[in-house]
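Examination of the molecular architecture
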Amino acid sequence: MYRPIHEPIDAYVIYNRGAPHPLLRAFRWDNRRFDVTATNLVYPEREGEARIFCYSVSCGTDHFRIRLNATRCLWTLEAVDAES
Amino acid sequence: MSRIIVHLDMDAYFASVEQQANPSLRGKPIGVAGKPHERSIVVAVSREAKRYGLKTGMPMWEARRLCPHLVLVPGSMSRYIEVTKRFLAILKRYTAALEVFSIDEVFMDVTQEACRYGGAVPMAGRIKEEFREDLGSYITATVGIAPNKTLAKLIAKRHKPDGIGELRAEQLPELLATTPVGEVCGIGRRIETRLARVGIHTLAELGRAPEDYLKREFGVYGLFLKEIGRGRDSSPVIPYTTVVPVKSVGHSKSLPPRLRSIESALLVLRGLCDRVGRRMRKLGVVGRTVYSGFRLGAREGHCGKQTTLAHPTDDGETIYRACLAIHRTMALKPEAVSYVGVSVRNLAEKASLPGSLLPEDRRQERLNRAIDRIRDRFGEGAIVTGETLLFEAIPEHVGGYAQGHEWVF
């Protein structure tokens, strides 16, 4: 089950031309780097004027929910479902 | 020339999207619900859960009894809407004759387009391949192909999950002879029971029934039933580009046991009226007829009434006052209101009507505009009426509505 985290993270992304959202390749949290092995789902949300992208990604056997506030360019780790 | 109608139905949709989003849920029996601790229903179950006999709409206690290790997950309408938008974007590339039947079902008329792909079945295969690449391997669809919408839907139902089924002309008599009338979309339990009383159990028997009898028993609908019984359905695929005028705007909510007093129900109703007003202002419509409905307890039926206002409105407070007037005429038992709902009908475009000259009405309009601007900028919860703060937050259930979203695909 997912464990809530709600902490800001550093993200390594690729902005592909024409893509609706950046491609998340890796992120840094708790002094560790996590390489994204699968992007399971990305979906947009709105909080008033702010455009949010919710990423559901896997890094090996661990799964993460990450939010990008595209208006403020702010990445947040929302929750972790980790085996380790 | 016979039409080629495709019915595409996503398999265990909400549950599949949750399993796609969270790989640790894959292969497990899961149920999508509001809050797992609430006494409510399971709005969707995964294909693994279906093996235990679980069905959509089942009460949570019954689902847990059938499958004790069922994993309950809260749903998210924004996830489902996004996936729907993505699969519709794929389908729009195949044909413009695409009817969005629900969030997870579409009809397509591919009579002209199928030959480009070597037939409807290869075309369906290609669509499913594109789904796998774009949506993920866990979100699958079943495709039914037939000469009309009713039969296409029936064929899809028989090839679930993840299948492609095509009805060939020579298979039709056998299909009609073996299909119970209740299996067809549009024939509910009541009609099925009435037909069974006169010995009509299968579609073929329905097709042979005297037209006079069906017309006498079911009115104009009897003629539709007769046609269905003969495997015919001339209803067209209504393209998604067709703008259907809004006939009513409404919201309703089932109440958890701790909120089943009349005071709580009216507070919930206040919030619903506010949301109805907000949506009407977004749509640019005003309405005169207000309907409010209640359900008492789990077993008693639904009761509701409507009232017509002197002037059309899009103001949540005015709609709420009309609901209160309705409520006063209904003599509800105060202890167990399990459901409240409100809708506004008799709509007109606001721009086509003259504005009010009364200063208090103009003040209310300015206030609503200011509230709308705040919500547009900071989100729906940024400003609420004081009354709604009297009670702790009402649990967000999945079924029936999407928070602040219009379902425009």
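Quick note: structure is the one above.
Residues numbered from 1 in each chain as written. Chains lettered and ligands numbered in written order. Predicted model: local features only at pLDDT ≥ 70, side-chain atom pairs only at ≥ 80, totals over all residues.

A few points about the overall build of chain A
Counting its regular elements, chain A contains 0 helices and 8 strands. In chain A, the succession of α and β elements from N to C terminus is β-β-β-β-β-β-β-β. Its C-alpha atoms give chain A a radius of gyration of 12 Å, near enough to 12 Å, the size a compact globule of 84 residues would have. Overall, chain A is about 35 × 25 × 20 Å in size when its C-alpha atoms are taken along their principal axes. Counting over 84 residues, chain A shows a buried share of 24%. Within chain A, contacts between residues separated by at least 24 positions form 27% of all contacts whose residues are at least 6 apart in sequence. (Helix = DSSP H or I, 4+ residues; strand = E, 2+ residues; numbered from the N terminus. Rg over C-alpha atoms; globule rule 2.2 N^0.38 Å. Buried ≥ 20, exposed ≤ 12 C-beta atoms within 10 Å, placed from the backbone. Contact = placed C-beta atoms within 7 Å.)

What about the sheet that holds strand β3 (residues 23-29) of chain A?
All names here are of chain A. Here 3 strands make up an open sheet; going across it, the order is β2-β3-β4 and the pairing antiparallel. Taken across any chain shown, the strands that pair with only one partner, and hence form the sheet edges, are β2 (10-14) and β4 (32-35). Taken pair by pair, the neighbouring strands of this sheet meet at an average axis angle of 20 degrees, ignoring direction. Across 4 bridges, the pairing between β3 and β4 is antiparallel. Opposite Ala26, over in β4, you have Asp35 as the bridge partner. (Pairing = 2+ DSSP bridges. Axes fitted to C-alpha atoms, helices over the stretch in contact; angles between N-to-C directions.)

A short note on the nonpolar core
Residue and element names in this part refer to chain B. Counting 86 residues, the largest nonpolar core has Val6, Met108, Ile145 and Ala152 as the members making the most contacts within it. At 6 residues, the largest contribution of residues to this core is made by helix α5 (residues 120-135). Inspection of this core shows a minimum of three residues originating in each of domain 1 (1-167) and domain 2 (168-244). Ignoring anything within four residues of it in the chain, the contact list for Ala152 reads Ile5, Val6, His7, Phe107, Gly144, Ile145 and Ala146. By size, the runner-up hydrophobic cluster in this structure holds 24 residues, among which are Val249, Leu269, Val337 and Val344. (Core = buried A, V, L, I, M, F, W, Y, C linked by C-beta atoms within 7 Å. Domains from an automatic or database assignment.)

Description of the interface of chain B and chain A
Contacts between chain B and chain A engage 14 residues on the former and 12 residues on the latter. Residues that form the side of chain B that touches chain A fall into these classes: 4 nonpolar, 6 polar and 4 charged. (Nonpolar A, V, L, I, M, F, W, Y, C, P; charged D, E, K, R; others polar.)

Remarks on the packing of helix α1 (residues 13-21) of chain B against helix α4 (residues 77-92) of chain B
Residues and elements named next belong to chain B. Packing of α1 against α4 leaves a shortest axis separation of 10 Å and a crossing angle of 95 degrees. What the angle tells us is that α1 and α4 run roughly perpendicular. Here Tyr13, Phe14, Val17 and Ala21 of α1 lie close against α4, whose contacting residues are Arg79, Tyr80 and Val83. For the contact of α1 with α4, the per-class residue count stands at 6 nonpolar, no polar and 1 charged. (Parallel < 35°, antiparallel > 145°, perpendicular 65-115°, else oblique.)

Here we look at helix α12 (residues 262-283) of chain B
All names here are of chain B. Under the 1.5 Å per step criterion, the end-to-end length of α12 is 31 Å for 22 residues, consistent within 8% with the ideal 32 Å. Residues Ala265, Leu267, Val268, Leu269, Arg270, Gly271, Leu272, Cys273, Asp274, Val276, Gly277 and Met280 constitute the buried set of α12. Buried residues along α12 sit against β9 (249-254), β10 (285-296), α13 (316-328) and β12 (337-349). Of the residues one or two after α12, Gly284 is the one with positive phi, at around 75 degrees. (Expected span 1.5 Å × (residues − 1).)

Things to note about the environment of Ala146(B)
All names here are of chain B. Secondary-structure assignment places Ala146 in strand β7 (residues 141-146). Its 28 C-beta neighbours within 10 Å are what place Ala146 among the buried residues. Sequence separation between Ala146 and Val249 is 103 residues; the distance between their C-alpha atoms is 35 Å. Those residues in contact with Ala146, other than ones at most four positions away along the chain, are Ile5, Leu151, Ala152, Ile155 and Leu167.

Some thoughts on the pairing of β3(A)
Residues and elements named next belong to chain A. When β2 meets β3, the two strands line up antiparallel, connected through 5 bridges. Note that in β3 the partner of Ile14 across the bridge is Leu23. The loop that links β3 with its antiparallel partner β4 comprises 2 residues; one of these, Asp30, has a positive phi angle of about 55 degrees.

Looking at unusual backbone geometry
Across the junction of Lys160(B) and Pro161(B), the peptide omega takes the value -10 degrees, indicating a cis bond. Structurally, Pro161(B) is set in the loop between α6 (149-158) and β8 (164-166). A positive phi angle is found at Asp30(A), which is not glycine, with a value near 55 degrees. Assignment of secondary structure puts Asp30(A) in the loop between β3 and β4.

Nothing here speaks to function; it is all geometry.
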